Amino acid sequence: MKRKTKKTPSAILTADWHIRGDRPICRTDDYREAMNRKLFFIRDLSEKYNCPILIAGDIGHRPMWPNPLLNSTIEELWGMYIICVLGQHDLPNHRLDYWESSGVGVLSKAL
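Below is a short write-up of the structure. Along every chain, residues carry numbers that run from 1 in the direction the sequence is written. Local features are withheld for residues below a pLDDT of 70 in this predicted model, meaning they are given only at 70 or higher, and side-chain atom pairs are given and counted only at 80 or more; totals for whole chains, interfaces and linings count all residues. Side-chain numbers here rest on the full set of heavy atoms in the structure, without hydrogens or water.

1. Observations regarding the overall build of the chain
Logical step 1: Per the convention used, a helix needs a DSSP run of H or I reaching at least four residues, while a strand needs a run of E reaching at least two, with both numbered from the N terminus. Looking only at helices and strands, one finds three helices and three strands in the chain.
Logical step 2: Each helix and strand of the chain, placed in order from N terminus to C terminus, yields the pattern β-α-β-α-β-α.
Logical step 3: Referenced to the eigenvectors of the C-alpha coordinate spread, the extents of the chain come out at roughly 55 × 35 × 25 Å.
Logical step 4: Between buried and exposed lies partly exposed: a residue is buried under 20% and exposed over 50% of the maximum accessible area for its type, with that area taken using a 1.4 Å probe on protein chains only. Out of the 111 residues belonging to the chain, those deemed buried represent 36%.
Logical step 5: About 7,700 Å² of surface is accessible on the chain, with carbon and sulfur atoms providing 55% of the total.
Logical step 6: Only four residue types enter the charge count, namely Lys and Arg as positive and Asp and Glu as negative; His and the chain termini do not. Here the site of a charge means atom NZ of a Lys, CZ of an Arg, CG of an Asp or CD of a Glu. The chain carries 16 positive and 13 negative side-chain charges, and their two centres are separated by 11 Å. Here the accessible surface of atoms and residues is derived via Shrake-Rupley with a 1.4 Å probe, and residues count as covered only by protein chains that are part of the display.

This is how it looks when you write it as structure tokens:
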């Protein structure tokens, strides 16, 4: 007979956040507020289970981020334990050797 055990996650798996400063044309809601709610939900799960957030690419919608977006994202993600694989939207000219000059490169230094 198998014994049921309560398991806790060892990581939060996620992908394709596509953080952006503008509102997608198809969205009619407060896009930034909706995005923040999702980020805080993921952060709360990570804190509850004391595990890292693994992002499988495309944290940002574009490789270069405007400063206000970088600043607000740093504030929102501050303290999160994040491990990520960069996607094509994160890389300038889709080149891995340019990743440090991207928005995600700045985030990696700040967080």
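2. Side note on the nonpolar core
Logical step 1: Residues W17, I19, I53, I59 and W65 are the most contacted members of the largest nonpolar core, which totals 19 residues.
Logical step 2: The set of elements that each furnish at least two residues to this core consists of α1 (31-49), β2 (53-56), α2 (67-77) and α3 (103-110).
Logical step 3: Apart from residues lying up to four places away in sequence, I19 is in contact with R32, M35, L39, I59, G60, H61, W65, L69 and T73. Throughout this description, the term nonpolar core refers to a set of buried Ala, Val, Leu, Ile, Met, Phe, Trp, Tyr and Cys residues connected via side-chain atoms within 4.5 Å. The criterion used for residue contact is that any of the two residues' heavy atoms lie within 4.5 Å.

3. Remarks on the packing of aromatic side chains
Logical step 1: Whether two aromatic rings pair depends on their centres lying within 6.5 Å, for rings of Phe, Tyr and Trp, where Trp uses its six-membered ring; planes under 30 degrees apart make the pair stacked, over 60 edge-to-face, and the rest tilted. Scanning all chains against the criterion turns up zero aromatic pairs.
Logical step 2: The ring of Y98 carries the charged tip of R95 above its face, separated from the ring centre by 4.3 Å. We call a charge positioned over a ring when the NZ of a Lys or the CZ of an Arg lies within 6 Å of the ring centre and within 35 degrees of the ring normal.

4. Quick word on α2
Logical step 1: Along α2, the positions that sit buried rather than exposed are L69, L70, T73, I74, E76 and L77. Viewed end-on, α2 has its buried residues packed into an arc of 165°, placing them on one side of the element. Projecting away from the buried face of α2 at angles above 90 degrees are the exposed residues N67, P68 and E75.
Logical step 2: In the core, the buried residues of α2 are packed alongside α1, β3 (82-85) and α3.
Logical step 3: Looking one or two residues beyond α2, the residue adopting positive phi is G79, at roughly 90°. The arc under discussion is defined with respect to the helix axis, by the directions toward the C-beta atoms.

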